[in-house]
Structure formats: structure tokens, C-alpha cells
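Understanding the architecture of this molecule
Below, each chain spelled out in residue letters.
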Amino acid sequence: MTRHDDSETTAAPERWAALAPGAVLLDGFHALKHALRFGAPVSMALTSDRAAALELAEDLADDLTDRLADLLVEVPAQTLRTLLPRVHPTGVAALAGRPDRDAHLQALARRPRQAPIVVLDNPRNLGNVGAVVRLAAGFGATGVITTGTLDPWHPNAVRSGAGLHYATAVERLPAEDLPDGPLYVLDPEGEDIRAVAVPDDALLVFGSERHGVSAELRGRADRLVALPMRPQVSSYNLATSVAMALFHWGSGARAD
Ligand SMILES: C[S@@+](CC[C@H](N)C(=O)[O-])C[C@H]1O[C@@H](n2cnc3c(N)ncnc32)[C@H](O)[C@@H]1O
């Protein structure tokens, strides 16, 4: 089988799924650290080197040393390799429960909204989805909604989100069920975003890597806004576009 579509399910999630159906795989120390900080219900945490993992905790997460000492169970490296063909360099992997979808939907719909929601319209690359979740968490966005078929909680998206799925509301929804709020659609043909104040309750809509924003969402846009690019550059990467738009919002260019 040719590996060209990052939405493919790898063998690893299947093995973990057999251990704990519906659980979220936290791959590596940093994913576990972030997930714990943002309230993930971690049910199991394995490491092939407990002393090294606790040393990492001392260095990078002294707020979590006691919890990690309670949670981390040492297993032979071979056991981790059986569960995960690509064991994270930190030799840590954990399982956590997935947050309640209804609670997320309520958080996404709640008004007034203090920060935008990022909408990814039919994204195809799970690495991008995770990178966007990480950005949304960092900027304090209300959440990330994806349309289309990819599960934004897929292990590959959680891996690239570094466990920060627990720091914001991440859900998949049909485009017709998006929460209320002005639709700011990011499109290279729009008006220059630098002249646009992005309101806190905006839905910032980004298109798929190959096809851009669907005609349906484009047609519903309140504003079509563009990130500046020099001539002959067609577009930016999806996740970097989200970074720029959130930075623009976060830098205070907001509507009164
Ligand atoms: C890789 S681009 C999609 C390129 C796609 N071939 C197209 O025709 O639109 C992914 C998404 O990032 C956003 N994006 C990329 N460059 C942008 C720019 N200069 N201005 C506004 N949005 C941009 C858009 O939302 C776009 O749909």
C-alpha cells in the first residue's frame, strides 16, 4: 500500500483501541504533560524508562511531578514497541478519555464569545489539524471545528497537537450546523486582513489543503479576507494561515 494519505489509520491506534476502546492516545511526554495540565482523564501512562521520564518532569513540568510519579508505570521497551511501532523518543505513551461532545458543543455555541472559533473546512492532513489545535490552544481560541470526514481526534492529529486538544473545544460538525457568529473566510482573493478588525465572536474559516474553502461556506461569508503574499505565491500552508490570522486577532486589531 502506498502511504500518501495522512488520514490513514495506522496499526498503532488499532492496538491501543483494543486495550481501551474510544480512548485518546497521548504519544510522548509532552502530549501527556499538556493533557494533564488541561484536565485530561488519563487512565494509563506507560514508560520504558521511569527514571528518565521523572527527570524530564523535574526539568519541564515541576507542576506535575507528583501526578506523573503516581501515574507512570514502567514496562519493557519491547512492550511499548508492540503497542506503538513508532515509539516516541521520550519513551512515554498514555491513554485518556475523550471529552464530552455535548459539553464542547455548548462551549462552542455559548454567547457572548470572547475569542474566535477556527473552522477547518474539510481538512485532509491530520498533521495540519493537530498544528491548528495547538495554535488555537496557544491563542486561547474558543475552539476548533472541522467539517468533512476526518476525525480531529485521530491519534495522528492528537500527536501533532502535542496533547493540547484538551486545552480547547475540538469537534467535527457538518457545515450547516456551525455555531452562530460572523463568518470571516480566509481566501487569497479577499480584502487585506491588515485593514480588517476581526471580532471576538468571529468564525475564522479556512479551506482544505488542495481545494480551498467550499463554495457553500464562501457563499455564506460575511467577510472574505486575505493574508498578504507577494505576487506569484499561490497560497500559504493551512496551519501557518491559521497562525497568522489568530496572531492578527490577538494583536488587538479588533472590531469595537
Ligand atoms: C493551502 S491553502 C489552499 C490552497 C488551495 N489550492 C486553494 O485553491 O485555495 C489552505 C487554506 O489556507 C488559507 N490560505 C492560504 N493562503 C492564504 C492567503 N494568502 N490568504 C488567505 N487565506 C489563505 C485559505 O483558507 C486556504 O483555503
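All of these numbers come straight from a predicted model, not from anything done at the bench.

Overview of unusual backbone geometry
In this model, Arg111 is joined to Pro112 through a cis peptide bond whose omega is -5°. You can see Pro112 is positioned in the loop between helix 6 (101–109) and strand 5 (117–120). A positive phi angle, near 55°, is found at Ala162, a position not held by glycine. Assignment of secondary structure puts Ala162 in the loop between helix 8 (155–160) and strand 7 (169–172). A relative accessible area of 9% places Ala162 in the buried class.

Overview of the UniProt feature "domain: tRNA/rRNA methyltransferase SpoU type" (unreviewed entry) in the chain
Per the UniProt entry, the sites bearing "domain: tRNA/rRNA methyltransferase SpoU type" (unreviewed entry) are residues 117–247 in this numbering. The span residues 117–247 carries 27% helix and 23% strand; its end-to-end C-alpha distance comes to 14 Å.

Some points on the environment of Leu108
Assignment of secondary structure puts Leu108 in helix 6. For the pair formed by Leu108 and Leu126, sequence separation is 18 residues and the distance between their alpha carbons is 21 Å. In this structure, Leu108 is in contact with Arg113, Ile117, Thr142, Gly143, Ile145, Ala169, Glu171 and Pro179, ignoring residues within four places of it in sequence.

Comments concerning the site of the ligand
Taken together, 17 residues lie near the ligand, and Leu186, Gly207, Arg210, Leu227 and Tyr236 sit nearest. A distance of 3.0 Å separates an oxygen atom of the ligand from a polar atom in the backbone of Gly207. Tyr236 is positioned such that a nitrogen or oxygen atom in its backbone is 2.9 Å from a nitrogen atom of the ligand. Mapped onto the shell around the ligand, the elements with two or more residues apiece are strand 8 (183–192) and strand 10 (223–226). If you tally residues by element for the shell around the ligand, the top one is strand 8, at 3 residues. Partitioning the shell around the ligand into residue classes produces 9 nonpolar, 5 polar and 3 charged.

Some points on the sheet that holds strand 7
Read across the sheet, 6 strands follow the order 7-6-5-9-8-10 without closing on themselves; strand pairing throughout is parallel. Of all strands in the sheet, those bounded by a partner on one side alone are strand 7 and strand 10. Each strand axis lies, on average, 30° off the axis of its neighbour in the sheet, ignoring direction. As judged from the 4 bridges shared by strand 5 and strand 6 (residues 143–146), these two strands associate in the parallel manner. For Val118, the partnering residue across the bridge sits in strand 6 and is Val144. Where helix 6 meets the sheet, its contacts fall on strand 5, strand 6 and strand 7, and the angle it forms with strand 7 comes to roughly 105°. Contacts between helix 7 (residues 126–139) and the sheet are confined to strand 5, strand 6 and strand 7, with strand 6 contributing the most and set at about 155° to the helix.

Conventions adopted
- Residues numbered from 1 in each chain as written.
- Predicted model: local features only at pLDDT ≥ 70, side-chain atom pairs only at ≥ 80, totals over all residues.
- Heavy atoms only, no water.
- Helix = DSSP H or I, 4+ residues; strand = E, 2+ residues; numbered from the N terminus.
- Buried < 20%, exposed > 50% of the residue type's maximum accessible area, 1.4 Å probe, protein only.
- UniProt positions renumbered as here; feature names shortened; annotations may be inferred.
- Contact = heavy atoms within 4.5 Å.
- Near = heavy atom within 4 Å.
- Polar contact = N/O pair within 3.5 Å; in protein donor to acceptor, adjacent residues only side chain to side chain.
- Nonpolar A, V, L, I, M, F, W, Y, C, P; charged D, E, K, R; others polar.
- Pairing = 2+ DSSP bridges.
- Axes fitted to C-alpha atoms, helices over the stretch in contact; angles between N-to-C directions.

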